[in-house]
Amino acid sequence: MGRDRSGLIVTPETHTYEQDFTVTFRYPVVFTSGLFDPDNPVLADTLARQEPQKRHRCIVFVDDGLLAACPAISDDIVAYATRHGDRIDLVAKPFPVPGGERIKVDLHFVEQIQQTLFDHHIDRHSYVLAIGGGAVLDAVGLVSTTTHRGVRHIRVPTTVLSQNDSGVGVKNGVNLNGVKNFVGTFAPPFAVLNDLDFVEALPDREKIAGMAEAVKVALIRDREFFEWLERHCDDLVVFERAAMSHMIRRCAELHMIQIAKGGDPFETGSARPLDFGHWAAHRLETMTRYHLRHGEAVAIGIALDTRYSVLSGMLEPGTDVRVACLLEQLGFRLWHPALDKRNAEDGHVVIDGLREFQEHLGGELTITLLEDVGVGAEVHEMDHALIAGSIDWLRDRASG
């Protein structure tokens, strides 16, 4: 309220406009082998898919763990860019970045990557390629989506976990103050290029760890896939190529379907079905200072929540044993002493993961449990006594 020039009292009007628009996201997820073989056109074609006549500026970041396993990869990338020089302008040799959770727990690395993009004048029509495991994709993706409000980002996942799960999704992020993915964005990549050859170069422990996400998504969405995992467990244990390829692709497909068709790709609500087993897993990772791999922690979380589903009356008894057997046959140990750690009130410290899980998304606590194999269900509270009983079951199973 105010006065006009004549001194009369003027009451301002309120005008409300409702802005409404829809943005469609589309990006290819490619499964290939020999991605950096000069005769493989996938990368060059991907860069040129929107502007086929242009020479595209690219900068590449490579997981140092991958460099150790495949020391020739930097030279292979340079040779590929040279062969396809009419479409690729590689601004510098690939830059190594720390692999695993190291890159996510220290913001110095994020600042370093950001500075590299600045120094090489990377703009919104340039490409940032991240080659490595899920943590590297998360961190480089965060930088890509916040530089100039979004630089074209291409993910090249090199682990089972990143090829079948995180690499095909829309999340980017790093940790802060011990909280997983506290700093991050939702932003789809420009493309995802999966090369099975990278998986075969992984240590056995890393290959096994990624299989937890396949069990997870099968349990909440696809009974037939779960039964396939049971039938082909012996092939997966020895990392038979055809079995690994099918497992990775089907797991990725199910994640993509959930993201595209689940109704909440950017998690604006409170439900996170793809995080079945993750409330405990994230807490276990931080409690063990990431000595537990993400997939290893997820396997424990899956077994814990499956047992809880049985104890709470949601799930048929015996299904918990069935799920635990599959995980154990794949090579997972479903117990870690951190599960027994107690707080000052003699409660299990891991249960703090429920609060952290809720805080990360906000809103009502929403946890996915199981009603049947292939059928997830949301609950909004968990009985701490039943969680303790589930922990006891895991301990007894491991000691028996």
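Everything in this summary refers to the structure shown in the same document. Note that the structure is a prediction, hence the values are computed from the model and not measured. The residue numbers shown here count from 1 along each chain, following its written sequence. In keeping with the predicted nature of the model, local features appear solely for residues at pLDDT of at least 70, side-chain atom pairs appear and are counted solely at 80 or more, and the whole-chain, interface and lining totals rest on all residues. Processing note: side-chain calculations cover all non-hydrogen atoms of the structure and skip hydrogens and water entirely.

1. Considerations on the pairing of strand β12 (residues 367-372)
Moving on, step 1. Sheet topology places β12 next to strand β13 (residues 375-379); five bridges connect them, and they run antiparallel. The residue bridging leucine 369 from the neighbouring strand is alanine 377, located in β13. The criterion for strand pairing is that DSSP finds at least two bridges linking the strands in question. Secondary structure elements are taken from DSSP: a helix is a run of H or I of four residues or more, a strand is a run of E of two residues or more, and numbering for both begins at the N terminus.

2. Topic: unusual backbone geometry
Peptide bonds are mostly trans, and most non-glycine residues show a negative phi.
Moving on, step 1. At histidine 148, a residue that is not glycine, the phi angle is positive and equals roughly 55°.
Moving on, step 2. The backbone of asparagine 177 shows a phi angle near 55°, a positive value even though the residue is not glycine.
Moving on, step 3. Assignment of secondary structure puts asparagine 177 in the loop between β9 (171-176) and β10 (179-186).

3. Description of the pattern of salt bridges
When their charged atoms lie close together, side chains carrying opposite charge are able to pair.
Moving on, step 1. Each salt bridge in this description consists of a side-chain nitrogen of Lys or Arg and a carboxyl oxygen of Asp or Glu lying within 4 Å of one another. For the coordinates displayed, the defined rule picks out 30 salt bridges.
Moving on, step 2. In this structure, arginine 223 engages aspartate 372 in a salt bridge whose closest nitrogen and oxygen atoms are separated by 3.2 Å. Taken together, the residues span a long stretch of sequence, with arginine 223 in helix α10 (residues 223-231) and aspartate 372 in strand β12 at a distance of 149 residues.
Moving on, step 3. Looking at arginine 223, the relative accessible area reads 34%, which means it is partly exposed.
Moving on, step 4. A salt bridge links arginine 395 to aspartate 340, with the shortest nitrogen-to-oxygen separation between them at 2.7 Å. On the criterion of sequence distance, the pair formed by arginine 395 in helix α17 (residues 384-399) and aspartate 340 in the loop between α15 (319-330) and α16 (352-361) is long-range, its members being 55 residues apart.
Moving on, step 5. For arginine 395, a relative accessible area of 25% corresponds to the partly exposed category.
Moving on, step 6. Note on aspartate 340: relative accessible area 28%, which makes it partly exposed.
Moving on, step 7. One salt-bridge network, in which partners are shared between bridges, spans Arg283, Asp352, Arg355, Glu356 and Glu359. Throughout, exposure labels follow a simple rule: accessible area from a 1.4 Å probe, protein chains only, divided by the maximum for the residue type, with under 20% read as buried, over 50% as exposed, and the rest as partly exposed.

4. Some thoughts on a nonpolar patch on the surface
Moving on, step 1. A contiguous nonpolar patch, built from Phe21, Val23 and Phe25 and spanning about 350 Å² of accessible area, is present on the exposed surface.
Moving on, step 2. Here phenylalanine 25 lies in the loop between β2 (9-10) and β3 (29-32). Here the term patch refers to residues with relative accessible area over 30% and no salt bridge, with like charges joined within 9 Å and nonpolar side chains (Val, Leu, Ile, Met, Phe, Trp, Tyr) within 5 Å. Note on areas: Shrake-Rupley with a 1.4 Å probe; residue coverage comes only from the protein chains shown.

5. Some thoughts on the packing of aromatic side chains
Moving on, step 1. Planes of paired rings set the category: under 30 degrees apart is stacked, over 60 is edge-to-face and the rest tilted, where pairs are Phe, Tyr or Trp rings (Trp by its six-membered ring) whose centres lie within 6.5 Å. Summed over the entire model, instances satisfying the criterion amount to seven aromatic pairs.
Moving on, step 2. Through successive ring pairs, a cluster of aromatic residues spans Phe25, Phe186 and Phe266.

Taken by themselves, the reported measurements are silent on function.
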